[in-house]
Structures are given as C-alpha cells and as structure tokens.
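# Survey of secondary and tertiary structure
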Amino acid sequence: MSHFIQLHLLTAYPPANLNRDDLGRPKTAIMGGAKRLRVSSQSLKRTWRTSALFEEAVGQHRGKRTKQVGIQAAKHLQEKGVQEKDAQVWATEIAKVFGDVAKGELETSQLVHIGPEEQAAVDALVDRLADERRAPTKDDLDLLRHKPLAVDIALFGRMLAASPAFNVEAACQVAHAITVHAAEVEDDYFTAVDDLNSGDEHRGAAHVGEAGFGAGLFYSYVCIDRRQLIENLGGDEELADRSIAALVEAAVKTSPKGKQNSFGSRAHASYVLAEKGAQQPRSLSAAFLRPVAGQDQSLDAIARLERQAQAFDDAYGPGAEQRFVLAADPDYRAPHLSGEVAMGSLPELIDFLVDGQ
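These numbers were taken from a predicted model, which means no experiment stands behind them.

## Quick look at the pairing of strand 10 (residues 269–277)
- For strand 10, the buried fraction is high: nine of the nine residues fall into the buried class.
- By the bridge criterion, six bridges tie strand 10 to strand 11 (residues 322–327) in an arrangement that is antiparallel. Within strand 11, the residue paired with Val272 across the bridge is Leu326.

## Some points on a positive patch on the surface
- Judged by side-chain charge, Arg46, Arg65, Lys257 and Arg266 come together as a positively charged surface patch.
- On the basis of relative accessibility, which here comes to 66%, the residue Arg266 falls in the exposed class.

## Some thoughts on the environment of Ala130
- Secondary-structure assignment places Ala130 in helix 5 (residues 116–132).
- Assessed through its relative accessible area of 2%, Ala130 is described here as buried.
- For the pair Ala130 and Gln78, spaced 52 residues apart in sequence, the C-alpha separation works out to 8.5 Å.
- Discounting chain neighbours no more than four positions away, the residues touching Ala130 are Leu77, Lys80 and Val82.

## Comments concerning helix 9 (residues 237–253)
- Over its 17 residues, helix 9 runs 24 Å from end to end, which matches the ideal 24 Å to within 8%, given 1.5 Å per residue.
- Extensive coverage of helix 9 is indicated by the burial of 12 of its 17 residues.
- Of the positions making up helix 9, those classed as buried are Leu239, Ala240, Asp241, Ser243, Ile244, Ala245, Ala246, Leu247, Val248, Ala250, Ala251 and Val252.
- The distance from a side-chain oxygen at the start of helix 9 to the backbone nitrogen of Glu238 is 3.3 Å, and the residue carrying that oxygen is Asp236.

## A closer look at the packing of aromatic side chains
- Applying the stated rule across the entire model yields six aromatic pairs.
- Consider the rings of Tyr13 and Phe218, whose centres lie 5.7 Å apart with planes at 80°: the pair is edge-to-face. With Tyr13 in strand 1 (residues 4–16) and Phe218 in strand 9 (residues 207–225), the pair connects residues that are 205 residues apart, well separated along the chain. No difference in accessibility class separates Tyr13 from Phe218, as the two residues are buried.
- With a centroid separation of 5.5 Å and an interplanar angle of 50°, the aromatic rings of Tyr219 and Phe288 are classed as tilted. Note that Tyr219 is positioned in strand 9 and Phe288 in the loop between strand 10 and helix 11 (297–316), a separation of 69 residues in sequence.
- Under the relative-accessibility criterion, Tyr219 is labelled buried at 3%.

## As for unusual backbone geometry
- In this model, Arg133 sits at a positive phi of 50°, which is unusual for a non-glycine residue.
- Tracing the chain through its elements places Arg133 in the loop between helix 5 and helix 6 (138–142).

## Comments concerning the packing of helix 3 (residues 69–79) against helix 4 (residues 84–96)
- Running from amino to carboxyl end, helix 3 crosses helix 4 at an angle of 145°, the nearest separation of the two axes being 8 Å. Of the two possible hands of crossing, helix 3 and helix 4 adopt the one that is right-handed. Contacts between helix 3 and helix 4 involve Val69, Gly70, Ala73, Ala74, Leu77 and Gln78 from the former and Glu84, Ala87, Gln88, Trp90, Ala91, Ile94 and Ala95 from the latter.
- By residue class, the composition of the contact of helix 3 with helix 4 is nine nonpolar, three polar and one charged.

## Details of empty space enclosed by the protein
- This structure, assessed with the given rule, holds three cavities of 30 Å³ or more.
- Estimated volume of the largest cavity: approximately 140 Å³.
- For the largest cavity, the lining is made up of 18 residues, of which Thr11, Tyr13, Leu44, Ser220 and Ala251 are closest to its centre.
- Within the residue set of the lining of the largest cavity, elements represented by two or more residues are strand 1, helix 1 (41–49), strand 9 and helix 9.
- Of the residues assigned to the lining of the largest cavity, the class counts are 13 nonpolar, five polar and no charged.

## Thoughts on the layout of surface pockets
- A volume near 320 Å³ is recorded for the largest pocket.
- Lining the largest pocket are 13 residues, and of these Arg65, His113, Phe156, Gly157 and Arg158 sit closest to its centre.
- Mapped onto the lining of the largest pocket, the elements with two or more residues apiece are helix 1 and strand 5 (112–114).
- Of all the elements, helix 1 adds the most residues to the lining of the largest pocket, at four residues.
- Class assignment for the residues of the lining of the largest pocket results in four nonpolar, four polar and five charged.

## Side note on the pairing of strand 1
- Summarising burial for strand 1: 10 of the 13 residues are buried, a large majority.
- The pairing of strand 1 with strand 9 spans 11 bridges and is classified as antiparallel. Paired with Ala12 across the strands is Leu217, a residue of strand 9.
- Pairing geometry for strand 1 and strand 10, over eight bridges, is antiparallel.

## Here's the deal with the pattern of salt bridges
- For the structure on display, the rule yields 17 salt bridges.
- Here Lys96 ties to Glu93 by a salt bridge, and the two come within 3.7 Å at their closest N and O atoms. Residue Lys96 and its partner Glu93 are both found in helix 4; the two are separated by three residues, about one turn of the helix.
- For Glu93, a relative accessible area of 31% gives the class partly exposed.
- Salt-bridge contacts for Glu237 lead to Arg226; the nearest nitrogen and oxygen are separated by 3.8 Å. You can see Glu237 sitting in helix 9 and its partner Arg226 sitting in helix 8 (residues 226–232), a full 11 residues away along the chain.
- Classification of Glu237 as partly exposed rests on a relative accessible area of 39%.
- Residue classification places Arg226 among the buried residues on the basis of a relative accessible area of 2%.
- Within this structure, Arg128, Glu132, Arg134 and Asp140 form a network of salt bridges that share partners.

Calculation rules
- Residues numbered from 1 in each chain as written.
- Predicted model: local features only at pLDDT ≥ 70, side-chain atom pairs only at ≥ 80, totals over all residues.
- Heavy atoms only, no water.
- Buried < 20%, exposed > 50% of the residue type's maximum accessible area, 1.4 Å probe, protein only.
- Helix = DSSP H or I, 4+ residues; strand = E, 2+ residues; numbered from the N terminus.
- Pairing = 2+ DSSP bridges.
- Patch = residues over 30% accessible without salt bridge, like charges linked within 9 Å, V, L, I, M, F, W, Y side chains within 5 Å.
- Areas by Shrake-Rupley, 256 points an atom, 1.4 Å probe, with all protein chains shown as cover.
- Salt bridge = Lys/Arg side-chain N within 4 Å of Asp/Glu carboxyl O.
- Lys, Arg positive; Asp, Glu negative; His and termini not counted.
- Charge placed at Lys NZ, Arg CZ, Asp CG, Glu CD.
- Contact = heavy atoms within 4.5 Å.
- Expected span 1.5 Å × (residues − 1).
- Polar contact = N/O pair within 3.5 Å; in protein donor to acceptor, adjacent residues only side chain to side chain.
- Phe/Tyr/Trp six-rings, centres within 6.5 Å; stacked < 30°, edge-to-face > 60°.
- Axes fitted to C-alpha atoms, helices over the stretch in contact; angles between N-to-C directions.
- Left-handed = near helix turned anticlockwise from the far one by under 90°.
- Nonpolar A, V, L, I, M, F, W, Y, C, P; charged D, E, K, R; others polar.
- 1 Å grid on protein atoms, 1.4 Å probe; cavity = no way out; pocket = protein on both sides within 12 Å on 5 of 7 lines; lining within 4 Å.
- Points joined across faces, edges and corners; volume = space filled by probe spheres on them.

As structure tokens, this is what we get:
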C-alpha cells in the first residue's frame, strides 16, 4: 500500500495580490539570494477547504473554524427561553471545552476547528439544558469532546490547547508557494472619479490610492500521509480517497481570494507531477535555488523540476513507486524521468491517486 502522496505544482498568476503581509503588500521570501513572491500555506489551505469544489465533494464531512461556539450556544439557549444571565454562564462552560475564554467573554481566545459531530453534540446539549432548565454538569461537558471525522481537520490537523487529548495530527503538509524566478512587488497607482462631478469647479480625482501587486510562476508542494489520513477518519478508506480527490481538484483549480475583484487573478495549475509510494517525502524546491530566467519560464521550470526529481533518484534511489504528470502547457511533450510515468487529464490523475493504493 502506498503510504505517501506528493504533489508538485506549477501555477502562473497574472498581476495579483493573493496573500498580503501586514502592510497590505504581497508576501515575499528570499531564496537562492533572490527575492520571490510567496503565498503562505495558511492561505492555500483555507482556499482549498472553503472552496465550493471541496464542499461539494465531502458534503457534511467538513468542519468549521470559529471563536463563536459559546456565542451561538448562548443565543440558542435564550431562543429557547433561558434567562440571559443563565445562558451566558452555561454557554461559557460549553465554550471552555474547546478553548480558553476570558472572564466576561463568550468567545474562545483562539479560533477552534470543530467537527460536525462536535457541533451536533453542542446543539443536543443546548436543547437538553433548555428543556431541563439546568446548568451543564462535568459529564455533560465531557460528552462534547470527540475525535472529529471532518475531512479538513483530518487533513490539516488541529490543536486544542485546553484539551490536548483531542488534538489531531495533520495528515497533509503544505509548503509556502514561491515563484521559481526572481520577482519584485510593484505598485499600482490608481484614482477614482466622482461620477457626479461635472468638472466645472474641480477636475481632480475624488480618491487617489496605491496597491502592491506581483506576477509570477509559483511552485507549490503538497504531501499527504494516506495512512495518517485513514487513521484520522476512523479507518474509513472510502472517505479518505474522497478527501484526497477533493483536495487535489481544489489545489489545481482554485486560487486564493485576495484582491480577486481588483485583479481577477484566477489560475489553474500549468503542470502537476504526482508521486506515490512508501519513500521518504521530499520537496523539489531545490530545483529553483537558481532563479529561472528567460522568456520560456514555464517549460524551463518543468525541465528543472523533472531534472531535480531525477537527480534525487540517482543520488538516493527512486523517490516514488509511481508517477503521473498532468500538463496544461501546450508545448510540453513528455516527462524526462526514468521509469514509467503516466500522463493524462485531471480525472485520470485522481484515479491514479486513489486507485490501487
């Protein structure tokens, strides 16, 4: 049984500000002595798990991240006739199951990723407390703690500082995406005109602004521990395969939402090298320590990626038992990798990853 699934993606984004830093400008990183544009793994994971593609694929097996478990519980208690003061106290005890709560507050101090089973348990307890007009007991609160079967929690893990026994080890690791070439953040100077200003008295702009942006070809790396994923999902292999299929489709077809209305920077992956096997995972980012330059960056980056994979194979032995290439570059012809490498469309790639594990 294949243990690890690795995805190496190349995605070209036109001018964009997909993932901003604290100054509102595109994130960057220095690699190989050159500045690169960067999209954080947090941004990528949120994009994938909240996408319509992911939601449709996994259905009810999806969690949610929120600070408002206590707020929603108090609201529902009051809707069922519980006095506000009692509702606040009881809901605070419920919220404390999932995280620290400051005195006088209902929100947890940190975002909490909760599964549908846990939310259902909270809702059931709220109904019971309202019907019986009583505060929750320790036994009541203990019933709220579950090992969730939510796909996104199983993939990306969670940490509950207040209840470490209910932490979930992530089955999927996602690297920050970086451009394969040197890149700079540029500035878009823009103005807005008042449509009702005739210009008779004032011909200037009603607003002047500036926004950072950048463009480039990004390398992304994703590693899925299928064994860990199945364990996180309670041994449900069929759900694990659905999870992998949903993640892969979201990763190759969806884009971070930052400044999309201003830049319309939606992109599909131009190239995907998928690997599966029991070998120790490794990123191929070393292929881009020397920035790609020139006018044919897509094919050059693909060649670099495949050469690096082959170099690792030559040095350490085969890095995967099976490989599959999805190429959306019209000039790409065939993989330059030793051994058998399948090629095909996205449905065929998904079949490759979830069939015959």
